[in-house]
Structure formats: C-alpha cells, structure tokens
Amino acid sequence: MKDLCQSVRTAACARLILLGILLLSGSAWAQASWNNFHNPTPYIDQVYPTAARQGSFGFLLTVRGAGFRPGAEVGWQLGETQLRLPAFVVSSAELATWIPFPLTSRATTATVTVINPNGRSLVGASNPVLLPITRPTHTVAFKQNTLALGLVPLAFVTGDFNRDGKLDLAIAEPCGTNPNCASPPASANIAILLGKGDGTFTTAPPIAIGGFPNAFAVGDFNGDGNPDLAVVQANAGTVSILLGDGHGRFTAEPSLLDTGTYVNSIVAGDVNQDGKLDLVVSNGNTGTVAIWLGKGDGTFTPGSSIPITNIPEGLSLGDLNGDGKLDLVVTTEYEPQVSHIAILLGDGKGDFTQIASPSAPFEPFVGLGDVNGDGKPDLVVSYSPGLPDLQDTVSVLLGQGNGLFGTGITSPAVVGQIGGGLLGDFNGDGKLDLAIEIGYPTNSYDFVLGDGKGTFNLADSVVVGNQSGPAVVGDFNGDGRLDLAVFGGQNGGTVTVLLQQPAP
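Here the structure is a predicted model, which is why all the values come from computation and not from measurement. (Residues numbered from 1 in each chain as written. Predicted model: local features only at pLDDT ≥ 70, side-chain atom pairs only at ≥ 80, totals over all residues. Heavy atoms only, no water.)

**Re the environment of V129**
No. 1: Tracing the backbone through its elements, the reader meets V129 in strand β9 (residues 129–134).
No. 2: The class for V129 is buried, based on a relative accessible area of 16%.
No. 3: Separated by 83 residues in the primary sequence, V129 and Q46 place their C-alpha atoms 7.5 Å from one another.
No. 4: Apart from residues no more than four positions distant in its own chain, V129 is found in contact with I44, V47, A110, T111 and V112. (Helix = DSSP H or I, 4+ residues; strand = E, 2+ residues; numbered from the N terminus. Buried < 20%, exposed > 50% of the residue type's maximum accessible area, 1.4 Å probe, protein only. Contact = heavy atoms within 4.5 Å.)

In structure tokens:
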C-alpha cells in the first residue's frame, strides 16, 4: 500500500485505504450473514462516472443496479485481459470499487460487470456495461464504414460472442432480399458478424431460423459462461434460444417458448433472483407482458402474465425504486392524450405490480438512465407535433427514486421526426448524451450532448444511407470513443458503422 501511495495523489490513496477497510468489513458481513443465501444474477443500470479520464490517478467507480450481494466483485475487461476487483457493497442496489491508475493509462473502453459470490454454479456475471477511457471533448465527429450484408436486416444486437474482447453483431434477416417484406420467406437467417477490433468484421456461419425474427435478448441462459441469444419469431409466435459456444457459433435449443403472435420486444434479467436469467416478453396481440422463468439450462417455464393498458411495445429493465429488485418500463402504442409509458415494480419473486404511470402522451421512448446525476434513473421521451412542423423535442421525466417520475426539462427541438434513440457518454465528459434517430426528412442520426442536469444540445448530425433505422452502441475499434452501428430497411441490405473520431 505504501508503494502504491507514492505513485498516486494523497487524496486518491486515502480513498483506496478507506475502500480496503470497507471491503474487509463487507467481507466479514458476507461471511457472517449471507453464507447460505441464494445469490441472484446481478443487473447493472449504470456506472458512475459514465466515462473515465485517460491518464487519471485512479478513481472510485460506483455501480447501481439490482441483485448485488456482499462479497460481490467487479469484472473489468480490457480486450482479452480480465480482472476481478474487490468491491464494497453499499446495498443490493449499489456498490463501489477503486480503479487504480494503471487501468486508465491508455485510450480504450472497459467492459464492466458485477459477479456475485459463487455460492452456486449457475450464478454468473451481470449484463456488461461499457466504460470509455478517453479525454473529454466538447463535440463529436464520425466517419462511416458500410458493410454489405446481401439480405435486408430488421433487428440486431451486440455482444462479445467469441469472447475475444471485441464487440460482435447478431443481425436478424427475416425478409430475404425483399426490402418491403411483403411476403416473408418461410425461413430466415441470423447473421453473425465477428468484430476485428478496428471497426471491421468477419462473417461467421449464419443461423437458419423461421417465423420472422424481429427482436433479440442476450444473456448466459445455460450457465456455461458464453453469451446466448433469445430470438423472437413474430409470425410463429415463439422464441428460440440459441446457445453460444464462445467461438461465435450457436446451436438452437430444441424447445421453443410459445409466446403467441405479435410479440415485439424481449429483455433478459434475473427477475425472481434465483441466479438464473429469465425473459420478459411483450405481446401486442394479448395486451400483456409475459414472464418466462429460466431453469439455468437454456430452457424456461411460463411465469406470470401482466395485462397492460393499450398495446405494449418496448421493454426496459432497471431498478426504479432502489430496492435491489428489477422493475419494468413498458412503452405502449401511441394514442393521443393517453400515457405512453407503464411502470411495473418487481417483487424479486417474478411478479410485477403496475403503479401510477408518468404523464407522457409522447412517442417514442428514447431511453432509461440517470441524466441529471442524482443517482435516480430518469426516462427520456420524445414528442412530435406532426406535420407540417416536424420540430420534434426531447423531454426528460425525472425519477424520484420510488418508481414515480416528475416533469423535467424539454430540450431544444430537432429538425425532423424522431424515430428512437440511445443513451451513452459519447464525448467522454462523464455525462450521458443521446444519439437520436431522425427519420423524415433527413434520415440521419443527431448526437445531442448532455449537460449533466437533464438538458441536451445538438453537437453533430450524420446522414446515414437513404433511411436511418435502429442502432446499437459500442466501441467497435477500441479507441475509447463510443460508436454506432446503424441500418435501415431500404438500403440494400447494409450496416453502417459510425466510427467516432479520436479525441484531439
């Protein structure tokens, strides 16, 4: 400890010593009180800060989420190098660890996870969260790299499927070469693109699948340490589980989840806290959100079914009331003067109760994250006045920490029709920003930077092909700056990777 203190500032050293004391007390608490406790698979909502300054003297990393247990560790991955850092568990919804200065010496992006004590073999790591290590900038800039797929994409997701520390893509191709998808073929593909770490990809063998795949969830569903895929097959009314081998290849689990038709969203998390990942599926035909409880071997059993007013569409998991249990944000089909968002609080046993919904007659939902830095998750939504104005705005509904939300600040209007968006710290200043999909008339992505108080201002706009579409965030070239992978339904079967330029 003395040698380390000579290499860092006094204040940083003091924090490190304090953390060590807290860790020892936390470890004793775990041994005394939690030896036989059934540990859940944890879930991360957000890390603080949202980016680390390159070359810093170390910093205290705070992680908020659900299902944390005393004795938990923080997984820290840089490329193929993986570390497990001791952590002080403040509560089941918050923990902290010290990141020493050698881990921030170069510009790159760390993957952060939380690992609970290995009381049972099926207890695994949490969902991964990206933490850019960079120098902050006042703006952002991108260059485009277009990848030809050959088939028209509809949905995609990112993950490290071959466990080499580089982000990969899984892409649903349900329509063959027909961009309008008027007559979907009987069989479809899941394309797997393995990242090289420089913004380019190699193609792995595709996975044949039926039933119009249109949504994904990623998680380790059989406890072998490799990421798997849950794929919604909308026309067939089923969900397929594709088990990964850790080398970028997947095998379909023979049993299908019978979810009914018009399933449009799926998320994965341990909602009953038994250490096995579960699935939450929204069904617009039945007007319900269905829980599927994982057995830990890649199969699932039906759990509760929650009726939702209006037609449920999007799903987001997070701990909205700070009790360490996963809750749900459900977005519904737009109807004038009707709230577009439903809040469901989880009991940690697999059941959810709907509470008062925030006043949000807007669409679409953009994201869930702490945009004003008070430690409570907020909701980001958009509002469109429609034609002829096309001056859409972004509004923040501020979380109160109990599942309720109040009115926040409306940001300046953007020129165009917002189709969705993603949260991330794009300029590396420790404050969440937004990448906003703009449809008609610009077909672009607008990057609006947050001020840490809930307000956003336009920094850059990037035109993408002839139609913008859904996107995923990731550092695809490992330079410590968050990038975007984007596609549209009418661009000839391509994916465009927007690579952010390095900090000057």
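**A closer look at the side chain of T41**
No. 1: Within the secondary structure, T41 sits in the loop between α2 (10–33) and β1 (43–48).
No. 2: One polar contact links the side chain of T41 to the main-chain carbonyl oxygen of G275, over a distance of 3.0 Å. (Polar contact = N/O pair within 3.5 Å; in protein donor to acceptor, adjacent residues only side chain to side chain.)

**Thoughts on the pattern of salt bridges**
Two side chains with opposite charge may pair up if their charged atoms get near one another.
No. 1: Inspection of the entire model under this criterion finds 3 salt bridges.
No. 2: In this structure, the salt-bridge partner of E94 is R64, at a minimum N-O distance of 3.6 Å. Of the two residues, E94 sits in strand β7 (residues 94–99) while R64 sits in strand β3 (residues 59–66), which places them 30 residues apart along the sequence.
No. 3: On the basis of relative accessible area, E94 is assigned to the partly exposed category, the value being 23%.
No. 4: Between R84 and E73 there is a salt bridge whose closest N-O contact spans 2.8 Å. On the criterion of sequence distance, the pair formed by R84 in strand β5 (residues 81–86) and E73 in strand β4 (residues 73–78) is long-range, its members being 11 residues apart.
No. 5: We classify R84 as partly exposed; its relative accessible area is 45%. (Salt bridge = Lys/Arg side-chain N within 4 Å of Asp/Glu carboxyl O.)

**Points about the pairing of strand β12 (residues 168–173)**
No. 1: Most of β12 is tucked away, with 6 of its 6 residues classed as buried.
No. 2: Taking every second residue as pointing to the same face, both faces of β12 are buried, with D168, A170 and A172 on one and L169, I171 and E173 on the other.
No. 3: Taken together, the 5 bridges between strand β11 (residues 155–159) and β12 define a ladder with antiparallel strand orientation. Bridged to F156 within β12 is I171.
No. 4: Where β12 and strand β13 (residues 187–195) come together, 5 bridges link them in antiparallel fashion. The residue bridging A172 from the neighbouring strand is I190, located in β13. (Pairing = 2+ DSSP bridges.)

**A short note on the pairing of β9**
No. 1: The element β9 is extensively covered by neighbouring structure, given that 5 of its 6 residues are classed as buried.
No. 2: Relative to β9, strand β8 (residues 108–115) is paired through 5 bridges, and the arrangement is antiparallel. When the bridges of β9 are listed, V112 appears paired with V129.

**A look at the side chain of D425**
No. 1: The topology assignment puts D425 in the loop between β33 (418–424) and β34 (433–438).
No. 2: Buried charge D425 goes without a salt bridge, the closest partner of opposite sign being R481 at 7.3 Å.
No. 3: A distance of 3.3 Å separates a polar side-chain atom of D425 from the backbone nitrogen of D429.
No. 4: Within polar-contact distance, the side chain of D425 engages the backbone nitrogen of K431 at 3.4 Å.
No. 5: Sequence-distant contacts of D425, defined by excluding residues within four places in its chain, comprise T50, A51, P132, G430, K431, L432, D433 and L482. (Lys, Arg positive; Asp, Glu negative; His and termini not counted.)

**So, the sheet that holds β3**
No. 1: Spatially, β1-β3-β7-β6 is the arrangement adopted by the 4 strands of the open sheet, whose pairing is antiparallel. The sheet is open, and its two borders are formed by β1 and β6 (88–91), each paired with just one other strand. In this sheet, neighbouring strand axes are inclined to one another by 25° on average, regardless of whether the strands run parallel or antiparallel.
No. 2: As paired strands, β6 and β7 are joined by 3 bridges and run antiparallel to one another. Within β7, the residue paired with V89 across the bridge is L95. (Axes fitted to C-alpha atoms, helices over the stretch in contact; angles between N-to-C directions.)

As far as function goes, none of this settles anything; it's purely spatial.
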